[in-house]
Amino acid sequence: MIQRVLLWVSTICTVIVVVSFGLFALEEAGASSNKQQAAVDQVNVPDPTPRTERAREQKHTTVREAVDDVNDILVSPFTGIVDSNNIWVQRGIPSLLAFFVYFVVLRIVAGYAVKIRGPALTGR
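Reading the values: rules and limits
Residue positions are given per chain, counted from 1 along the sequence in the order it is written. Residues qualify for local features only when their pLDDT is at least 70, as the model is predicted, and side-chain atom pairs are given and counted only at 80 or more; totals for whole chains, interfaces and linings, by contrast, use all residues. Neither water nor hydrogens contribute to the side-chain values; these are computed over all heavy atoms in the structure. Values of pLDDT, ranging from 0 to 100, describe the predictor's confidence in every residue of the model. Only DSSP runs of H or I reaching four residues or more are called helices, and only runs of E reaching two or more are called strands; each is numbered from the N terminus. In this scheme, a helix's expected span is set at 1.5 Å multiplied by one less than its residue total. Buried residues are those whose accessible area, probed at 1.4 Å on protein chains only, stays under 20% of the maximum for their type, while exposed residues exceed 50% and partly exposed ones sit between those limits. Contacts are assigned to residue pairs that have any heavy atoms within 4.5 Å of one another. Ring pairs shown here join Phe, Tyr and Trp side chains whose ring centres sit within 6.5 Å, with only the six-membered ring taken for Trp; geometry is labelled stacked below 30 degrees between planes, edge-to-face above 60, and tilted in between. By salt bridge we mean one thing: a side-chain nitrogen of Lys or Arg within 4 Å of a carboxyl oxygen of Asp or Glu.

Q: Mind showing me how you'd approach the confidence of the model for the protein chain here?
A: Interpretation of this model should avoid reading the predicted coordinates in detail wherever pLDDT is low. Looking at the protein chain as a whole, its pLDDT mean stands at 84, while 84% of the residues score no less than 70. Mean pLDDT values over the elements of the protein chain span from 55, in helix H6 (residues 119–122), up to 94, in helix H5 (residues 87–112).

What follows is the structure, encoded as structure tokens:
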């Protein structure tokens, strides 16, 4: 049971991180002019301020904003590690670390999860 829960959590977290980064990459690739690129970079920071969050909410669809909000929570432990002005580094390193933790580490932990069986759970 614990193993299944950990695998589901791992899968859901990993999908959210990958989808959010993929949407970010598509948006960055689509921003062709320097002015447009600067505007896109400002709303795509991994740990947005409340003001930036409001601007991002206006720019993105409801679904995209929901994915980004969950992603912000998932990558927040890793955002302080990066000190760069490059938006790709600001988003890429925390996303890569989150992917490693949620996909690799959680799955290793799930592999070691002990299936609890015995009189207490079976009613014997």
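Don't stop here, the text continues.
Q: Hey, could you run me through helix H4 (residues 62–75) in this one?
A: With 14 residues, H4 should reach 20 Å at 1.5 Å per residue; the first-to-last C-alpha distance of 20 Å fits that figure. Among the residues of H4, Arg 64, Glu 65, Val 67, Asp 68, Asn 71, Asp 72, Leu 74 and Val 75 are the ones counted as buried. Structurally, H4 contributes buried residues whose contacts are with helix H1 (2–30), helix H3 (50–59) and H5.

Q: Got a minute to help me understand the packing of aromatic side chains in this structure?
A: The relation between two aromatic rings is expressed through the spacing of the ring centres and the mutual angle of the planes. Following the criterion strictly, the structure yields four aromatic pairs and no others. When the centroid spacing of 6.2 Å and the interplanar angle of 75° are considered together, the rings of Phe 21 and Trp 88 count as edge-to-face. Of the two residues, Phe 21 is situated in helix H1 and Trp 88 in helix H5; the sequence distance between them amounts to 67 residues. Residue classification places Trp 88 among the partly exposed residues on the basis of a relative accessible area of 39%. Here the aromatic rings of Phe 99 and Phe 103 are separated by 5.2 Å at their centres, their planes lie at 15°, and the arrangement is stacked. Placement of both Phe 99 and Phe 103 in helix H5 is noted, with a separation of four residues, approximately one turn of the helix. Given a relative accessible area of 30%, Phe 99 falls into the partly exposed group. Among the aromatic residues, those joined into a ring-pair cluster are Phe 21, Phe 24 and Trp 88.

Q: Explain the pattern of salt bridges here, please?
A: All told, the structure shown has seven salt bridges when counted by the stated rule. Here Glu 27 ties to Lys 59 by a salt bridge, and the two come within 2.7 Å at their closest N and O atoms. In this pair, Glu 27 sits in helix H1 while Lys 59 sits in helix H3, placing the two residues 32 residues apart along the sequence. For Glu 27, a relative accessible area of 15% translates into the label buried.

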